[in-house]
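Understanding the architecture of this molecule
In case you want the letters, here they are:
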Amino acid sequence: MSGYTEEYIRQKLTEKLEATHVCFAVRISDTGPPGNMDVTTGMQWLVIVAAGLFLRATVSLHSYSGQNRPPMYGDFEAQRHWQEVTVNLPVADWYRNTSDNDLLYWGLDYPPLTAYHSYFVGWWARQWHDESFVALHTSRGISTAEHKQFMRNTVLLVDAVLYLPAILYATHTILRRMARPNTEVRWLAPTLAILFPGQILIDNGHFQYNNASLALCALAVAAIVERRTLAGAVLFCLALNYKQMELYHALPFFFYLLRDCFTDGADNSSTFGQRFLVGVRKLTLLGATVLLSFIIIWLPWLGSLDAVGQLVHRIFPVARGVFEDKVSNVWCVVNVFVKLRNVPNTTMAIVCLVCTLLAVLPCGLHLLLQKNHTARSFLYSLVVAALGFFLFSFQVHEKSILLAALPVILLLPLEPLVSCWFLQLATFSMLPLLHKDGLTGAFVGLTLISLTLVRTARDSKSSTKNHKLSYDVLHLRGLLPEGFASVGSVFVTLFYLSLLGQVLLLVAFLCLAPPAHLPFLYPLLISAYSCGHFVLFYLYFNYRQFCSDQTSVTADQPSRINNKKKEVVDESDGCGGKFRVVVVSSQFQGKPLLQRHRLVNAALEEELKTIHAFSQKTYTPEQWAGESGP
């Protein structure tokens, strides 16, 4: 029995062969979803899910959007009214103004999957609860305790069945595929993902079903990372057809899948024409899959061009204006100096379109043209594109920041500190809306829970002694990504200054009366403060994306090889006597397979005398980037 560890073998090969990447193959039994699952991980997941459902149920006891505020009430009534419309009217009238469907009273303005969901919830209410919940016309503004409980439970059901499993699976996939082995945030990432206050407060407090579209998008991202591109495309089509705001993520999906069609599995020995034809076939299959998905979902309206036009008109209303309330985006801040509401909506829509494209196209083109085609850069581009849309697009809601928060949640395994910081700001940016709904106490409570989780993620003894900061009470320095040690103190200091600013604004908002001539001073300050952060986050994630292909060969774990040939696991159950290893080294350049294997064997000459089973795969950095990188 040799007793060698994976880390020892990795270090030896790195030193001897100047290897840029060394990893070990997983056992075949570990290759299926969810991957490397054991009893301990399963128990952790159960605890995390139970905590997530408990906090969501607790927030559900609070008030909701528009409670007891006629005549329009709020988002709670909008969702209920859609159930009333869909369960009582024919499909052709769901998006059309009729005597029984006044579009000025919360007319349905989300894509068909939301309408189908509303129909099934309305049918459930009628069949198994109380028909008065969805009675045509007479159910408007219903506010009984029984109905509130029913509606709250429908959100919790989506959380339990779809959202929480999807977020856990996506986070675990990224941890398994891209994060360094033995990372100290292995449990923190899924926990913070499940307990993200912003999503809980909006869906289970304010009341919406963002959990459905966000879950579908998270599953689509996980499928892309796992190289199941057609499944990822279908899942993203479902997310987009549930909420049109998923367009925030559309460009990264489009560019990444387009590049994937012409690079995935490409045979370098084939001619350019042959590779191009293979890419065209893949692209045709992908396009047909997306088109078929849309046809199936939109089928009830495809018989009439007028019906399709009306549906599109409802989904993309221009008449509402550039933003609603005090949103933490660029236009809300600019509006302080230039009254944008005086600009015609059509003109403003064009300005927003141009600015949004300028903000998001660079990250998309980088995905298309980058040297190393990586899932890591795809994740960063999702954040950049979503932030670009939030900061510059037309008709933005405060709640739309959840679209940027989703990919940041998925980046928690790779960017724990910056992701925690962003998620904290995302929740804070919605404070005026949450306060209006009576959710300030819940906001403070969930925020403190999140910060406590960050604090307990690392033992203070594990902090770097030479760089320990006396004020780092949350032990944030250890959550920095690799390569940021030199500027760690700056990042940690900025985090605490940002948190201090949030506390001061919160106290002023709750305790100090604004000047009589500036009644919306504090909501505006909160929006501007948050917007400034989001602009900086936008620049940071742009930087991380454009640098991602330089580090992806060493940072990302392989995913294009067959699932039986990936990441770091000792096959010998801890005895250190059985390995299957993948080595990437420039020393393999121009050498045939036999010579490469001899180089590896020479590097491990002494170790191989006691290692009783050893197999290897060898790549040059170019081969690894083109054939094995995610």
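Residues numbered from 1 in each chain as written. Predicted model: local features only at pLDDT ≥ 70, side-chain atom pairs only at ≥ 80, totals over all residues. Heavy atoms only, no water.

1. Some details on the packing of helix α5 (residues 145-178) against helix α8 (residues 210-225)
With their axes 9 Å apart at the nearest point, α5 and α8 run at an angle of 25° to one another. Here α5 lies roughly parallel to α8, going by the angle between them. The way α5 lies across α8 gives a crossing that is left-handed. Across the interface between the two elements, V155, V158, D159, L162, Y163, A166, I167, Y169, A170, T173, R177 and M178 from α5 touch N211, A212, L214, A215, A218, L219, A222 and V225 from α8. Within the contact of α5 with α8, the residues separate by chemical class into 16 nonpolar, 2 polar and 2 charged. (Axes fitted to C-alpha atoms, helices over the stretch in contact; angles between N-to-C directions. Helix = DSSP H or I, 4+ residues; strand = E, 2+ residues; numbered from the N terminus. Parallel < 35°, antiparallel > 145°, perpendicular 65-115°, else oblique. Left-handed = near helix turned anticlockwise from the far one by under 90°. Contact = heavy atoms within 4.5 Å. Nonpolar A, V, L, I, M, F, W, Y, C, P; charged D, E, K, R; others polar.)

2. So, the environment of I401
Structurally, I401 can be placed in helix α16 (residues 401-410). C-alpha of I401 to C-alpha of A386: the two residues are 15 residues apart in sequence and 8.2 Å apart in space. Aside from chain neighbours lying at most four places away, what touches I401 is L387, F390, F422, A426, S429, M430 and F534.

3. Describing a nonpolar patch on the surface
Taken together, the side chains of L291, L292, I295, I296, L299 and L302 present a nonpolar region at the surface, about 580 Å² in accessible area. Along the chain, I296 falls in helix α11 (residues 272-298). Residue classification places I296 among the exposed residues on the basis of a relative accessible area of 56%. (Patch = residues over 30% accessible without salt bridge, like charges linked within 9 Å, V, L, I, M, F, W, Y side chains within 5 Å. Areas by Shrake-Rupley, 256 points an atom, 1.4 Å probe, with all protein chains shown as cover. Salt bridge = Lys/Arg side-chain N within 4 Å of Asp/Glu carboxyl O. Buried < 20%, exposed > 50% of the residue type's maximum accessible area, 1.4 Å probe, protein only.)

4. Concerning the nonpolar core
Counting 160 residues, the largest nonpolar core has F422 and F541 as the members making the most contacts within it. Looking at this core element by element, the count peaks at 14 residues for α5. For this core, the domains that each give at least three residues are domain 2 (45-62 + 146-458 + 485-552) and domain 3 (68-75 + 81-143). (Core = buried A, V, L, I, M, F, W, Y, C linked by side-chain atoms within 4.5 Å. Domains from an automatic or database assignment.)

5. Details of the packing of helix α3 (residues 75-88) against helix α4 (residues 112-128)
One way to put it is that α3 packs onto α4 with a least axis distance of 7 Å and a crossing angle of 85°. When the interaxial angle is binned, α3 and α4 end up roughly perpendicular. Facing α3, whose interface residues are W82, Q83, T86, V87 and N88, α4 presents T114, A115, S118, Y119, V121, G122, W123 and R126. The class makeup of the residues in the contact of α3 with α4 is 6 nonpolar, 6 polar and 1 charged.

6. What about α8?
Every α-helical turn comprises 3.6 residues, leaving residues that sit three or four positions apart pointing alike. Under the 1.5 Å per step criterion, the end-to-end length of α8 is 23 Å for 16 residues, consistent within 8% with the ideal 22 Å. In terms of burial, α8 is largely enclosed, as 15 of its 16 residues are buried. (Expected span 1.5 Å × (residues − 1).)

7. A closer look at the environment of V354
Among the structural elements, V354 can be located in helix α14 (residues 345-369). Sequence spacing of V354 and S393 is 39 residues, and the spatial spacing of their C-alpha atoms is 8.9 Å.

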